[in-house]
Each structure stands twice: as structure tokens, then as C-alpha cells.
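Single-letter residue listing:
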Amino acid sequence: MHTLLCLLKAVTLHTDLGEIKIELFCERTPKACENFLALCASGFYNGCIFHRNIKGFMVQTGDPTGIRLFSYGVANSKMTSWPQCVFSVEYCRPNTNGSQFFFTYAKQPHLDMKYTVFGKIIDGLETLDELEKLPVNEKTFRPLTETRIKDVTIHANPFAG
């Protein structure tokens, strides 16, 4: 199943602030992508809030309870030289897959070899800019206004049977 390839492996997150289209690295990080796409297809991310937002660093989502839990994670195929606005799963335990993920607002070299980068934003950087502008609680970095993923469109899923 992990060896399946597709020409366009992408999803679009429809958020309260606009759309974010993500190209997935299915060949490079098949376990992370398969898990993410299964959660997208099940509607798991529908209604998830962006629960942590640190200007200049990242915005995080993927927990339907809206609580920042550390029981999720993936350590699959790590990359170095993080490009701007990459997409990764929150790391906790090696060789596990979870649901939380984040987008970086800029290059984050201190994260090299620590998180799985399994996609990049290919459209919707203006939405990412709007997320970064959200006012947050300065102690918890939780946005003061709940901003959600409304739903997800899967453009191609190489793991669907």
C-alpha cells in the first residue's frame, strides 16, 4: 500500500479564514501521509480549532477536543533544512502516527531531524498570514478567537482502495 504513487497528492483545508492547499509527500513519508489522509477522509479534522499559535514560529491544530495533548505523534522520515511553511505532525513517541499537525511561519532549523515534514503549502499563504495575525493569550498561545478547519477536500489519495 505504501508504494502507491499519484500525480497530484494534495488536500485543501477550508478554514474560517480561507483555504490552505497542501501538497503531500506521499512517497517520502508514506506512513504519515496515509494516517493524515485517513483522518481527512473520516471527517476527523472537521471543526478542529487552531489551538496554539506562536507568531514567527507556527500554528497548530488537529485535536478535536481543542486541548493541546501530547499523546499524538509520528517519527517516520525526518528532513533537514525546513522550507518556509512546511507541514508536520506533532512529535511525541517514535514510530507512532497521530492527528495533530502544524504549519511553520518561517524557516525553523532548530526543528531539523525532530519532526516529520510530510507536506508543504502550495496555495493559501494569505490564509496562513491571517492565522499568524490572530491575537493570542500570551501565556498559552491559544488564539483569543476560535478559528476552525471547517472541512477538508482530498484532491487525490494514493492510499484509497
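Anyway, here's the lowdown on the structure attached to this text. Small disclaimer: the values here were computed from a predicted structure and weren't measured.

Taken together, Glu 19, Asp 123, Glu 126, Asp 129 and Asp 151 make up a surface patch of like negative charges. What makes Asp 123 partly exposed here is its relative accessible area of 48%.

Bringing helix 2 (residues 125-133) into the picture now. The set of residues buried in helix 2 consists of Thr 127, Leu 128 and Leu 131. All buried residues of helix 2 fall inside an arc of 100 degrees around its axis, so they share one side. Buried-residue contacts for helix 2 involve strand 1 (10-15), strand 2 (18-24), strand 3 (52-54), strand 4 (58-61), strand 6 (101-104) and strand 7 (117-123).

A positive phi angle, near 65 degrees, is found at Phe 141, a position not held by glycine. For Phe 141, the location among the structural elements is in the loop between helix 2 and strand 8 (149-154). Overall, Phe 141 belongs to the partly exposed group, its relative accessible area being 28%.

Turning next to the state of the cysteines. What the rule picks out here adds up to zero disulfides. Cys 33 supplies the cysteine sulfur nearest to Cys 26, a cysteine that is in no disulfide, at a spacing of 4.1 Å. According to the relative accessible area criterion, Cys 26 is buried, its value standing at 0%. Free of any disulfide, Cys 48 has its nearest neighbouring cysteine sulfur in Cys 40, separated by 9.9 Å.

With that settled, consider the nonpolar core. Formed by 26 residues in total, the largest nonpolar core has its most connected members in Leu 13, Leu 24, Phe 36, Tyr 45, Phe 103 and Leu 131. Among the elements of the structure, strand 1, strand 2, helix 1 (30-41), strand 6, strand 7, helix 2 and strand 8 are those that each provide at least two residues to this core. Of all the elements, helix 1 adds the most residues to this core, at six residues. Within the second largest apolar cluster, five residues are counted, among which are Ile 54, Met 58, Phe 102 and Leu 111.

As enumerated under the stated definition, the model contains three salt bridges in all. Between Arg 148 and Glu 146 there is a salt bridge, with the nearest N and O atoms lying 2.6 Å from each other. Since its relative accessible area comes to 49%, Glu 146 is described here as partly exposed.

The rules behind each value
- Residues numbered from 1 in each chain as written.
- Predicted model: local features only at pLDDT ≥ 70, side-chain atom pairs only at ≥ 80, totals over all residues.
- Heavy atoms only, no water.
- Patch = residues over 30% accessible without salt bridge, like charges linked within 9 Å, V, L, I, M, F, W, Y side chains within 5 Å.
- Areas by Shrake-Rupley, 256 points an atom, 1.4 Å probe, with all protein chains shown as cover.
- Salt bridge = Lys/Arg side-chain N within 4 Å of Asp/Glu carboxyl O.
- Lys, Arg positive; Asp, Glu negative; His and termini not counted.
- Charge placed at Lys NZ, Arg CZ, Asp CG, Glu CD.
- Buried < 20%, exposed > 50% of the residue type's maximum accessible area, 1.4 Å probe, protein only.
- Helix = DSSP H or I, 4+ residues; strand = E, 2+ residues; numbered from the N terminus.
- Arc of directions from axis to C-beta.
- Contact = heavy atoms within 4.5 Å.
- Disulfide = S-S within 2.5 Å.
- Core = buried A, V, L, I, M, F, W, Y, C linked by side-chain atoms within 4.5 Å.

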